[in-house]
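Residue-level structural notes
Below, each chain spelled out in residue letters.
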Amino acid sequence: MCDRFILHADLDELNERYGITRALSYYSHQNNRLPNESIAAITQKDSVRTLDEYRWGLMPFWARDSVLADNLNVFRNRAFDYLVKRQRCVIPGSSFDRVTWLNPKKEAVDRYIAQDGRTFAMAGVYDVWKGSLGEELRTCTIVTRKRTDDDTGSEVRVPILFDEEQVEAWLDPKRFDKTALMHWLESIQSPQFQKLPVSLWDRADGLEGLDGEALGTGTISAQPRIAKP
């Protein structure tokens with residue numbers, strides 16, 4: 001359901017919230033980031049936390065889970081073993097879009113933000129490919145899981161969001177037990193997303209602190225809805 005996303009945070013905000021120690025490349029106000037485009041991602045090696053650009057979409061780009069990876073597949077598919085153990089990242093964002101194509105030329109877009117209106121951090125894993133001439137291609141994917149859309153009651157796949165403490169745990173290079181990571185990820189409480197009214201789409205910032213009445217009522221539940229037997 002995360003077909004594209006926006007990042008409006010400046011570097012100072014990202015530094016303050018996520019403890020970045022090295023910024024190699026960053027452009028604020030990244031609008032409508034699409035798969036196969038460059039996006040900002042935060043990684044950690046030893047005690048160094050780095051902000052850099054990565055292409056959104058692992059290689060090969062057409063493969064399942066290359067752009068939006070199912071959280072269960074990430075831990076079950078052996079192709080992800082090393083990435084989960086050693087190459088985890090978080091991808092900051094301000095909002096993301098769910099796009100429904102009504103016909104080949106017309107789309108309907110729902111835009112979502114975190115419940116508190118702040119910049120959020122999405123779980124991800126990354127990979128680095130080297131070309132025949134030694135050039136590097138840094139790629140990443142966003143880790144997602146199923147949740148219930150309160151508007152429609154349907155099951156949708158959404159990015160896994162972290163608070164600052166959970167970012168610390170996900171990026172911790174000393175945590176490489178895949179089974180323990182899987183159980184931890186399943187156990188954490190994810191924030192709700194809030195649907196953003198079209199009238200507020202042009203606001204690059206200042207969404208933090210807006211109440212539910214100002215934002216509308218559409219949400220995506222933090223926990224899956226369990227059907228009664």
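Bear in mind the structure is a predicted one, so any value in this text is a computation, not a measurement.

**A word on helix α1 (residues 11-18)**
- Listing the buried residues of α1 in full gives L14, R17 and Y18. Buried residues of α1, seen end-on, are gathered within an arc of 75° and therefore sit on one face of the element. Set apart from the buried face of α1 by more than 90 degrees, the exposed residues are D12 and E16.
- In this structure, the buried residues of α1 make contact with β4 (38-45), β5 (48-56), β7 (88-93), β10 (120-130) and α4 (164-171).
- At the C-terminal side of α1, G19 shows a positive phi close to 60°.

**A word on the pattern of salt bridges**
- One pass over the full model with this rule turns up 12 salt bridges.
- For K195, the salt bridge goes to D110, with nearest N and O atoms at 4.0 Å. Residue K195 is found in strand β14 (residues 193-195), and its partner D110 is found in strand β9 (residues 106-114); the two are separated by 85 residues along the sequence.
- Between E164 and R118 there is a salt bridge, and its shortest N-O distance comes to 3.8 Å. Taken together, the positions of E164 in helix α4 and R118 in the loop between β9 and β10 put the pair 46 residues apart, joining distant regions of the chain.
- Overall, R118 belongs to the partly exposed group, its relative accessible area being 27%.
- Connected via shared salt-bridge partners are R4, D97, E107 and R111.

**Topic: the nonpolar core**
- F80, V90, F162, W170 and L185 are the most contacted members of the largest nonpolar core, which totals 31 residues.
- Elements that contribute at least two residues to this core include exactly α1, β4, α2 (71-76), α3 (81-86), β10, α4 and α5 (178-187).
- For this core, the element with the most residues is α4, which contributes four residues.
- Discounting chain neighbours no more than four positions away, the residues touching V90 are A41, I42, A121, M122, F162, V167, W170 and L171.
- Y54, I91, M122 and L161 belong to the second-largest nonpolar core, a separate cluster that totals 22 residues.

**What to know about the confidence of the model for the chain**
- With 87% of its residues at a pLDDT of at least 70, the chain reaches an overall mean of 85.
- Element-level pLDDT for the chain is lowest in strand β15 (residues 219-220), with a mean of 50, against a maximum mean of 97 in β7.
- Overall, residues 220-229 carries pLDDT values under 50, and its contacts beyond four positions in sequence, including any with other chains, amount to 26 contacts.

**A word on the side chain of Q30**
- Following the sequence through the fold, Q30 ends up in strand β3 (residues 30-33).
- Since its relative accessible area comes to 5%, Q30 is described here as buried.
- Discounting residues that sit within four places of it in the chain, Q30 has contacts with F5, I6, L7, S38, I39 and A40.

Conventions and cut-offs
- Residues numbered from 1 in each chain as written.
- Predicted model: local features only at pLDDT ≥ 70, side-chain atom pairs only at ≥ 80, totals over all residues.
- Heavy atoms only, no water.
- Buried < 20%, exposed > 50% of the residue type's maximum accessible area, 1.4 Å probe, protein only.
- Helix = DSSP H or I, 4+ residues; strand = E, 2+ residues; numbered from the N terminus.
- Arc of directions from axis to C-beta.
- Contact = heavy atoms within 4.5 Å.
- Salt bridge = Lys/Arg side-chain N within 4 Å of Asp/Glu carboxyl O.
- Core = buried A, V, L, I, M, F, W, Y, C linked by side-chain atoms within 4.5 Å.
- pLDDT = per-residue confidence, 0-100.

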